[in-house]
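# Architecture at a glance
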Amino acid sequence: MSTAHRPRKSPPPECELRTREQPTCVGREQVVLVGLDGFERWLCPAHAAALWLTDPTLRFSAKTRPQAISAVMSQAFGGGGRQ
């Protein structure tokens, strides 16, 4: 048996737009949107959909899993999304 310690994965960062007073986050997938300046925004699918629909310069980062992009599309276009 090995005594080496494996590093634990750190939990994904929370949605940048989540507030304790009004938690409007929907979806568990972590979405990374990137602006023209290269700045990354780490968001939940609901907040990512809202930003993506209002800012056409945002694009999905390669760090975003396909399931998360699907959840954003569901939020954006009324598919209900997964929670």
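Residues numbered from 1 in each chain as written. Predicted model: local features only at pLDDT ≥ 70, side-chain atom pairs only at ≥ 80, totals over all residues. Heavy atoms only, no water.

### Comments concerning the overall build of the protein
Looking only at helices and strands, one finds 2 helices and 3 strands in the protein. Listing the helices and strands of the protein from first to last along the sequence gives β-β-α-β-α. Counting all 83 residues of the protein, 27% fall into the buried class. Here the analysis covers contacts within the protein between residues at least 6 apart in sequence; of these, 47% occur between residues at least 24 apart. Approximately 6300 Å² of the protein is accessible, and the part contributed by carbon and sulfur atoms is 53%. (Helix = DSSP H or I, 4+ residues; strand = E, 2+ residues; numbered from the N terminus. Buried < 20%, exposed > 50% of the residue type's maximum accessible area, 1.4 Å probe, protein only. Contact = heavy atoms within 4.5 Å. Areas by Shrake-Rupley, 256 points an atom, 1.4 Å probe, with all protein chains shown as cover.)

### Overview of helix α1 (residues 45-54)
Those residues of α1 that sit buried are Pro45, Ala46, His47, Ala48 and Ala49. If you follow the buried residues of α1, they end up packed against β1 (31-34), β2 (40-43) and α2 (66-76).

### Concerning the side chain of histidine 47
Inspection of the secondary structure puts histidine 47 in helix α1. Apart from residues no more than four positions distant in its own chain, histidine 47 is found in contact with Cys15, Leu17, Arg18, Thr24 and Cys25.

### Some words on the pairing of β1
Of the two faces of β1, the one lined by Val31 and Leu33 and the one lined by Val32 and Val34 are each fully buried. The pairing of β1 with β2 spans 4 bridges and is antiparallel. Each residue of the ladder has a partner; that of valine 31, found in β2, is leucine 43. Hairpin geometry of β1 and β2 is characterised by an intervening segment of 5 residues between the two adjacent antiparallel strands and by a positive phi of about 90° at glycine 38. Of the strand pairs in this sheet, β1 and strand β3 (residues 59-60) are connected by 2 bridges, and their pairing is antiparallel. Considered in β3, the bridge of valine 34 is made with arginine 59. (Pairing = 2+ DSSP bridges.)

Coordinates in, geometry out; function isn't part of it.
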